[in-house]
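Each chain, written out:
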Amino acid sequence: MLRFLARRLALAVPTLILASMIIFALQQLLPGDVATALTGEERDPQVIAFIREKYHLDAPLPVRYGYWAGGVLRGDLGESIRLQKPVSELIVEKLPVTLELACLAMLVALAIGVPMGVLSAVKQGQAADTIANGIALWGLSVPNFWLGILLILLFSVELGWLPASGYVSPFESLSENLAAMVMPAFVLGNAIAAVMMRHTRAAMLGVLGSDYVRTARAKGVSPLRVTLRHALPNAAIPIITLGALEFGQLLSGAVLTEQVFSVPGFGKLMVDAVFNRDFATVQGVVICTAATYIVLNLAADLLSAAVNPKLRRA
């Protein structure tokens, strides 16, 4: 296990370096000039020259990347050109919001997707299977932003039960925080629940036809115990892997949902940074997201090994 961890950590370093180099180079394709945009309408040449020198915008691309990478090695992700704040502070400020939203969305996805997938596999070919597949198809087909707008119209405008947008810290008011987060969490969790349902169903169908499951049934073990004790743990490995990947996507890909509900999280920070050509912020968010994906993949592998003894021995 320690050798496995060492190999994965050794691969993580070049992965992060490559991701940072690619995004750093692609940022230069954005139209417009950062220094000119920051000076406003006056566009004083001296101010433009000062900004270029301060942020090394007049240096060649490899040199600028070297400045940024050197800062990262010292724990400095740079400074936001637009907000005049350290990028690390912005990430620490915005990440808990998106992390809470991602956790709530993942709970919704697991609560809906896994039971539906198990039920669909156990009742294969029956009415419950057809209904579960229809719900999954609906979840995959409905765009998140459209579902979010409909939920706002229904629960906020028509019924007045939930706030249409905004965010309240759970430390200020837990009830108001949950009221503000329930709709965006359901919107994000709905799409992931459909994917989880399909993968759970496929994994369960493969396991339910195995020899040890037939043996357990032949011994008179109850169907519920066969499903939960023998089949589900062995079908959990692809579910765990998918859950880790989807959770990582939630941390970086909730842009439209955060925009619709005005949630001040990671996605909104990224969109604002791209529109304002705030390269340091974009780079910091990307490197943080890439590191999160690597950690989640590693956690999924370790959890899969904990669930399946064969993987531990391997």
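Residues numbered from 1 in each chain as written. Predicted model: local features only at pLDDT ≥ 70, side-chain atom pairs only at ≥ 80, totals over all residues. Heavy atoms only, no water.

Student: Give a description of a nonpolar patch on the surface that names residues and reports values.
Tutor: On the surface, Phe145, Trp146, Ile149, Leu150, Leu153, Val157 and Leu256 cluster together into a nonpolar patch covering about 650 Å² of accessible area. Top element by residues in the nonpolar patch is helix 7 (residues 144-158). It accounts for six residues. One can find Phe145 in helix 7. Overall, the relative accessible area of 40% leaves Phe145 in the partly exposed class. (Patch = residues over 30% accessible without salt bridge, like charges linked within 9 Å, V, L, I, M, F, W, Y side chains within 5 Å. Areas by Shrake-Rupley, 256 points an atom, 1.4 Å probe, with all protein chains shown as cover. Salt bridge = Lys/Arg side-chain N within 4 Å of Asp/Glu carboxyl O. Helix = DSSP H or I, 4+ residues; strand = E, 2+ residues; numbered from the N terminus. Buried < 20%, exposed > 50% of the residue type's maximum accessible area, 1.4 Å probe, protein only.)

Student: Explain the nonpolar core to me, using residue names and the numbers behind them.
Tutor: Residues Met196, Met204 and Leu250 are the most contacted members of the largest nonpolar core, which totals 34 residues. Of all elements in the fold, only helix 5 (87-122), helix 8 (174-208), helix 9 (211-218), helix 10 (223-253) and helix 13 (279-307) reach the threshold of two or more residues within this core. Among the elements that make up this core, the one with the highest residue count is helix 10 (11 residues). Beyond its immediate sequence surroundings of up to four residues, Leu250 is in contact with Thr98, Ala102, Ala105, Met106, Leu188 and Ile192. In this structure, Trp68, Val87, Leu269 and Ile287 belong to the second largest nonpolar core, which totals 13 residues. (Core = buried A, V, L, I, M, F, W, Y, C linked by side-chain atoms within 4.5 Å. Contact = heavy atoms within 4.5 Å.)

Student: Residue-level account of helix 8, with values.
Tutor: Over its 35 residues, helix 8 runs only 42 Å from end to end, short of the ideal 51 Å by more than 12%, given 1.5 Å per residue. Roughly 35° is the biggest bend found in helix 8, and it falls at Met181, with proline Pro184 one to four residues downstream. (Expected span 1.5 Å × (residues − 1). Bend = angle between axes of the 7 residues up to and from the residue.)

Student: Could you give an account of the packing of aromatic side chains, naming the residues involved and the relevant values?
Tutor: One pass over the full model with this rule turns up one aromatic pair. Seen from their ring centres, Phe155 and Trp161 are 6.0 Å apart, and the 45° between their planes marks the pair as tilted. Trp161 sits in the exposed class, given a relative accessible area of 62%. (Phe/Tyr/Trp six-rings, centres within 6.5 Å; stacked < 30°, edge-to-face > 60°.)

Student: Before we move on, can you summarise the pattern of salt bridges with the specific residues and values?
Tutor: Two side chains with opposite charge may pair up if their charged atoms get near one another. Tallied over the full model, the rule gives three salt bridges. Of the charged contacts, one joins Lys85 and Glu93 as a salt bridge, the two residues approaching to 3.1 Å between their closest N and O atoms. One salt bridge connects Arg201 with Asp129, and the closest N-O pair in it is separated by 3.0 Å. Taken together, the residues Arg201 in helix 8 and Asp129 in helix 6 (residues 127-141) connect sequence positions 72 residues apart. By the burial criterion, Arg201 is buried, and Asp129 matches it. Each of the salt bridges in this network shares a partner with another, and the network as a whole consists of Lys85, Glu93 and Lys94.

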